[in-house]
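Each chain is listed here by its residues.
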Amino acid sequence: MTQGHETRLQIDSLTDKGDGVGQLDGRQIYVTGALPGETVSVRLHGIKPNYAQGELLAVLQPHGARVANFCPHDSCGGCQLGMLEYPAQLDLKRQRLLAALAKRGIQAEVAACLGMDRPFAYRNKALYAVRPGPQGAELGFFRKHSHELVACDDCALQPPLVEAILAEVRAWLGACRIPAYDEQHHSGVLRYLMLRDGRQSGEWMLVLVTLGETLPGVDDLLARLARFPALRSVVHNINPARGNRILGFDNRTLRGDGVIEDALDGLHFCLSPLAFYQINPEQTLRLYREALSQCGLTGQETVFDIYCGIGTISLFLARQAARVVGVELVPEAIEDARRNAERNGLADKTEFFAGKAEALVPELYRQGYRADVVVVDPPRKGCEPAVLQTMLTMAPHTLVYVSCDPDSLARDLAVLLAGGYRLAQVTPVDMFPHTLHVETVARLIRD
Ligand code: SAH
């Protein structure tokens, strides 16, 4: 096998990053843009003892559902499945989940993946990196596996107002010669822009992230943004740290009151720049309704919502339960959760605790807290063993596991199944069309 060699290759699977994988001379060949079942021609490079990269030259035998990619900026690395028809994307996600479960010896019926009717303009949060370009500061996304900027201001996953606001920001960057952040020298001014909208409320927030405390040309920027009445808040966020963290902790409000509001199914939420909030509001509703229905609440239950964020699921549950106890790592999120409960008239049914679930959940159990139903919605790495162990000791009749990672879900389900639970329902939900991500809601019951 030599560098630059061109060859035919059969693709048989996808990595969790969305690259096609084929076998050649005992090596795995990774091909960005190729789909399982396809025959492609590739040029080999990056040859290592066990694997190599293949640059996709042509698709010789395409996947039956391959289409022209809707996106002209497909090198941005955000979407991996733009060349696959949407129904086939949903099927692929379901297959991914089945494969992850099978790897842990779990045979389960998995429902069809719940998709969107129109899977575009779905994101309520846009994050743009600002980096030096040949003509001054440039806005865009990072190329896959790199920090090289792919200029883009018309992402099809964002609603159209993003493009209009970015055009003003771009004009301001040029007119005021705002220096972009230089990662190598950790210098410059503007690092990132974040736009967030409340899909129900129609309110928008713009956050400008800078390295230092100064943001030159603020008045000019605010004057340009005056033509967007929907922009309730403009916030200056300072992030002096090196590394990949996007937002710092210091927020200064430039316009409005620094927050926006949104509603989900009649519940109202107040969002600050750092608050975690699901990215796809239409599908969030599907996800939360699925979780709620899997809980099977009658109004009598005490429910734990572990990894509760700003209490969105907790409040959904509280409307149909006797009591909800929420646990979350980030103290600011817990403050938001309490405020949100208050605002929705659910404060007397809810109690929120800030801390690590792996310490707090066993501690609450020791103090005598008990749940009839437990919901968990952990980050990608899944639940800590102490959380799973406490659930097994407490033995609620129903567990609902909301997961954003099929592998950690399968690992944790194996523990719960061995501990006496039975898998009653598994429903994947598509929160991120055109990407490989798949969210799952799984219901476990104790007979
Ligand atoms: N259920 C919420 C948030 C889910 S995201 C929603 O739908 O909006 C996962 C949450 O777990 C995040 O808010 C994160 O801050 C929190 N988290 C991460 N590690 C944690 C830990 N060890 N203990 C408790 N919460 C944690």
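Conventions used here
- Residues numbered from 1 in each chain as written.
- Predicted model: local features only at pLDDT ≥ 70, side-chain atom pairs only at ≥ 80, totals over all residues.
- Heavy atoms only, no water.
- Pairing = 2+ DSSP bridges.
- Helix = DSSP H or I, 4+ residues; strand = E, 2+ residues; numbered from the N terminus.
- Axes fitted to C-alpha atoms, helices over the stretch in contact; angles between N-to-C directions.
- Contact = heavy atoms within 4.5 Å.
- Buried < 20%, exposed > 50% of the residue type's maximum accessible area, 1.4 Å probe, protein only.
- Arc of directions from axis to C-beta.
- Core = buried A, V, L, I, M, F, W, Y, C linked by side-chain atoms within 4.5 Å.
- Domains from an automatic or database assignment.
- Near = heavy atom within 4 Å.
- Areas by Shrake-Rupley, 256 points an atom, 1.4 Å probe, with all protein chains shown as cover.
- Nonpolar A, V, L, I, M, F, W, Y, C, P; charged D, E, K, R; others polar.
- Phe/Tyr/Trp six-rings, centres within 6.5 Å; stacked < 30°, edge-to-face > 60°.
- Lys NZ or Arg CZ within 6 Å of the ring centre and 35° of its normal.
- Buried area = accessible area lost by both parts, 1.4 Å probe.
- Salt bridge = Lys/Arg side-chain N within 4 Å of Asp/Glu carboxyl O.
- Polar contact = N/O pair within 3.5 Å; in protein donor to acceptor, adjacent residues only side chain to side chain.

1. Some points on the sheet that holds strand S8 (residues 149–151)
Here's step 1: Reading across the sheet, the 7 strands line up as S8-S7-S6-S9-S10-S11-S12 and stay open at both edges, with mixed pairing between neighbours. Looking at which strands have only one partner, the edges of the open sheet turn out to be S8 and strand S12 (250–255). Taken pair by pair, the neighbouring strands of this sheet meet at an average axis angle of 35°, ignoring direction.
Here's step 2: Here helix H2 (residues 161–175) sits on the sheet in contact with strand S6 (125–133), strand S7 (136–142), strand S9 (190–197), strand S10 (204–210) and strand S11 (231–238), set at roughly 155° to S9.

2. As for helix H3 (residues 218–225)
Here's step 1: Listing the buried residues of H3 in full gives Val218, Leu221 and Leu225. Taken around the axis of H3, the buried residues stretch over an arc of 65°, which confines them to a single face. Exposed side of H3, more than 90 degrees from the buried face: Asp219 and Ala223 are the residues found there.
Here's step 2: On its buried face, H3 is in contact with H2, S10, S11 and S12.

3. Concerning the nonpolar core
Here's step 1: Trp172, Leu193, Leu195, Leu206, Leu208, Leu231 and Leu317 are the most contacted members of the largest nonpolar core, which totals 85 residues.
Here's step 2: Counting only domains with at least three residues in this core, you end up with domain 2 (91–117 + 280–446) and domain 3 (125–264).
Here's step 3: When residues no more than four places from it in sequence are discounted, the contact partners of Leu317 are Leu292, Cys295, Leu297, Val303, Asp305, Val324 and Val375.
Here's step 4: Of all hydrophobic cores here, the second largest spans 35 residues; its members include Ala100, Leu101, Leu364 and Tyr401.

4. Topic: the site of the ligand
Here's step 1: Around the ligand there are 17 residues in total, and Gln278, Tyr288, Glu328, Ala357 and Asp377 lie nearest to it.
Here's step 2: Here the ligand has 570 Å² of accessible area as a free molecule, and 89% of this is covered by the chains.
Here's step 3: Mapped onto the shell around the ligand, the elements with two or more residues apiece are helix H5 (312–318) and helix H7 (357–366).
Here's step 4: When its residues are assigned to classes, the shell around the ligand shows 9 nonpolar, 4 polar and 4 charged.

5. Things to note about the packing of aromatic side chains
Here's step 1: Inspection of the entire model under this criterion finds 6 aromatic pairs.
Here's step 2: Between Phe269 and Tyr277, the ring centres sit 6.4 Å apart and the planes meet at 50°, which makes this aromatic pair tilted. The exposure classification of Phe269 matches that of Tyr277, with both residues buried.
Here's step 3: Taking the centre distance of 5.3 Å and the plane angle of 75° together, the rings of Tyr288 and Phe316 count as edge-to-face. In this pair, Tyr288 is assigned in helix H4 (residues 281–295) and Phe316 in helix H5, connecting sequence segments 28 residues apart. Residues Tyr288 and Phe316 agree in their burial class; the two are buried.
Here's step 4: Between the NZ or CZ atom of Arg319 and the centre of the ring of Phe316, over which it lies, the distance is 5.3 Å.
Here's step 5: Above the ring of Tyr421, the side-chain terminus of Arg446 is found at 4.4 Å from the ring centroid.

6. A word on the domain arrangement of the protein
Here's step 1: Domain annotation for the protein reports domain 1 (6–64), domain 2 (91–117 + 280–446) and domain 3 (125–264).
Here's step 2: A separation of 33 Å is found between the C-alpha centroids of domain 2 and domain 3.
Here's step 3: Contacts between the two partners involve 8 residues from domain 2 and, on the opposite side, 4 residues from domain 3.
Here's step 4: Buried area between domain 2 and domain 3, both sides added, is near 490 Å², and the carbon and sulfur share of it is 73%.
Here's step 5: The interface formed by domain 2 and domain 3 holds 1 salt bridge in total.
Here's step 6: Note that Arg343 and Glu261 form a salt bridge whose closest N and O atoms lie 2.8 Å from each other.
Here's step 7: Remark: the boundary between domain 2 and domain 3 carries 1 residue pair in polar contact (both at pLDDT 80 or more).

7. A few points about the pattern of salt bridges
Here's step 1: The tally for this structure, following the rule as stated, stands at 27 salt bridges.
Here's step 2: Measuring nitrogen to oxygen at the nearest pair gives 3.2 Å for the salt bridge that ties Arg43 to Glu6. With Arg43 in strand S4 (residues 39–45) and Glu6 in strand S1 (residues 6–14), this pair connects stretches of sequence that are 37 residues apart.
Here's step 3: Glu351 is paired through a salt bridge with Arg323; the nearest N and O atoms lie 3.0 Å apart.

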